[in-house]
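# Fold and contact review
Listed below are the residues making up each chain.
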Amino acid sequence: MTEYRHITVAPIAGALGAEIGGVNIAEDLDDAVIGEIRQALLEHLVIFFRDQDLPVDRHKAFSRRFGDLFIHPNYQLGQEDKETVYLLRKPGDTMATGEWWHADTTMMETRPMGAILYALETPDYGGDTMFSNQYMAYETLSDGFKATLEGLKAVHSDIRVAGPQSDVNKKRSSKVRDDSNWQPTVHAHPVVAVHPETGRKCLYVNSVYTVGLEGMTEAESAPILEYLYEHQSRPEFTCRFRWRKGSVAFWDNRCTVHYAIHDNFVSVRHMQRTQIAG
Ligand code: SIN
């Protein structure tokens, strides 16, 4: 465990997740503070900040300390600021963005390193986000199954969550591209990924973007993937974050999956998100 000098770090669960204190992330922070925040992210996989005031320019400035900003290909609906995505839920929405276990945007050739989500408006109850540790998901597989997965690649596509064939825009207030020029983005990634900073192996499939295993039929892939989806979200690998206005979650998108729980149908939930390129 690292000893932190500039921030406080309080784990919120056994598997992953820590609340960071003693820092106002809207300020121009010293490299030493940013270094500790990055270390806490690598150690705890998802970190949380409370009671922050993060106008969009400060949100982007903080995010840039960790890398270039990622431009989401499916939220480009003509808005001027291409680097920020707003996730809005309104009463009447029958679906939420990120409602199933997933890592973000894994259909890209290079997946984003992370995301920073800031709560503008939150319901009085519900709307929590769960996260799951994918190092643990990999490490708890049997040696036999690990050997089977080694060398396998999964195909990832955004076909379920954007484009004219997807029905998500009918169900939720946050809109994605569904024009007839839209084309799916499809790339294959190893099922067992190696984290570029920690060198640790983790499971890298998810039920939103993964559509099959390379070189296998759908019928052959499905039982393996179903098993992995079930396994990767076991309760003991997870933490659950209760949002308040001004809360921030910063997750490492390379070794976690997350799930936005849609359980409040009467209130507004409004979030501001940046993603950091891989
Ligand atoms: C997401 O999947 O990026 C959204 C998470 C959330 O709104 O809680």
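Now for a look at the structure at hand. (Residues numbered from 1 in each chain as written. Predicted model: local features only at pLDDT ≥ 70, side-chain atom pairs only at ≥ 80, totals over all residues. Heavy atoms only, no water.)

## Some points on the environment of aspartate 104
Rules: In DSSP terms, a helix is any run of H or I states spanning at least four residues, a strand is any run of E spanning at least two, and both are numbered starting from the N terminus. By definition in these notes, contact holds between two residues if any of their heavy atoms fall within 4.5 Å. Counted as a polar contact is a pair of N or O atoms within 3.5 Å, where, for protein atoms, one must be capable of donating a hydrogen and the other of accepting one, and residues adjacent in sequence contribute only when both atoms are in side chains.
Note on placement: aspartate 104 falls in the loop between β4 (85-89) and β5 (114-121). As for aspartate 104 and arginine 65, which are separated by 39 residues in sequence, their C-alpha atoms are 20 Å apart. If near-sequence neighbours (up to four positions away) are discounted, aspartate 104 is found in contact with Pro112, Ala115, Tyr209, Trp251, Asn253, His258, Arg273 and Gln275. At 3.2 Å, the side chain of aspartate 104 forms a polar contact with the side chain of histidine 102.

## So, the site of the ligand
Convention followed: Residues are classed as near a molecule or strand on a simple rule: at least one heavy atom within 4 Å of it. Where accessible areas are quoted, they stem from the Shrake-Rupley method and a 1.4 Å probe; at the residue level, only the protein chains shown are allowed to cover. Three categories are distinguished: nonpolar for Ala, Val, Leu, Ile, Met, Phe, Trp, Tyr, Cys and Pro, charged for Asp, Glu, Lys and Arg, and polar for the others, with Gly belonging to the last.
Leu87, Gly98, His102, Asp104, Leu117, Thr129, Trp251, His258, Ala260, Arg269 and Arg273 make up every residue found near the ligand. The side chain of histidine 258 places a nitrogen or oxygen atom 3.0 Å from an oxygen atom of the ligand. Within the side chain of arginine 273, a nitrogen or oxygen atom sits 2.7 Å from an oxygen atom of the ligand. Protein chains bury 99% of the 260 Å² of accessible surface belonging to the ligand in isolation. Elements with a minimum of two residues in the shell around the ligand: β14 (256-260) and β15 (269-276). The residue inventory of the shell around the ligand, partitioned by class, reads four nonpolar, four polar and three charged.

## Regarding the nonpolar core
This is how the line gets drawn: Definition of nonpolar core: a set of buried residues of the types Ala, Val, Leu, Ile, Met, Phe, Trp, Tyr and Cys, connected through side-chain atoms within 4.5 Å. Accessibility here uses a 1.4 Å probe with only protein chains present; expressed as a share of the type maximum, an area under 20% marks a residue as buried, one over 50% as exposed, and anything in between as partly exposed.
If you look at the biggest cluster of nonpolar residues, it comprises 28 residues, and the most contacted ones within it are Leu16, Val46, Phe48, Phe131, Trp243 and Trp251. At the level of elements, β3 (46-49), β4, β5, β12 (238-241) and β13 (248-252) are the ones that each hand at least two residues to this core. Ranked by residues supplied to this core, first place goes to β5 with three residues. Not counting residues within four places of it along the chain, the set of residues in contact with phenylalanine 131 comprises Leu16, Val46, Phe48, Trp101, Phe237, Thr238, Cys239, Phe241, Ala249, Trp251, Val257 and His258. Counting 23 residues, the second largest nonpolar core, distinct from the first, contains Ile20, Ile37, Leu41 and Phe66.

## Here we look at the pairing of β4
Sheet faces and side chains relate simply in a regular strand, where the side chains alternate between the two faces. Counted only if it meets this: A pair of strands is considered paired only if DSSP assigns at least 2 bridges between the two.
By the alternation rule, side chains of β4 split into Val85, Leu87 and Arg89, which are all buried, and Tyr86 and Leu88, of which none is buried. The pairing of β4 with β15 spans five bridges and is classified as antiparallel. The partner of tyrosine 86 across the bridge, within β15, is glutamine 272.

## As for the pattern of salt bridges
For the record, the criterion: Within this document, salt bridges are pairs made up of a side-chain nitrogen of Lys or Arg and a carboxyl oxygen of Asp or Glu, the two lying within 4 Å of each other.
According to the stated counting rule, one finds 18 salt bridges in the structure shown. Arginine 242 is the partner of aspartate 128 in a salt bridge, and the nearest nitrogen-oxygen pair spans 3.4 Å. Of this pair, aspartate 128 sits in the loop between β5 and β6 (129-133) while arginine 242 sits in the loop between β12 and β13, and the two are 114 residues apart along the sequence. You can call aspartate 128 buried: its relative accessible area is 8%. We classify arginine 242 as partly exposed; its relative accessible area is 31%. Here the residues in one salt-bridge network are Arg38, Glu197, Asp252 and Arg254, joined through shared partners.

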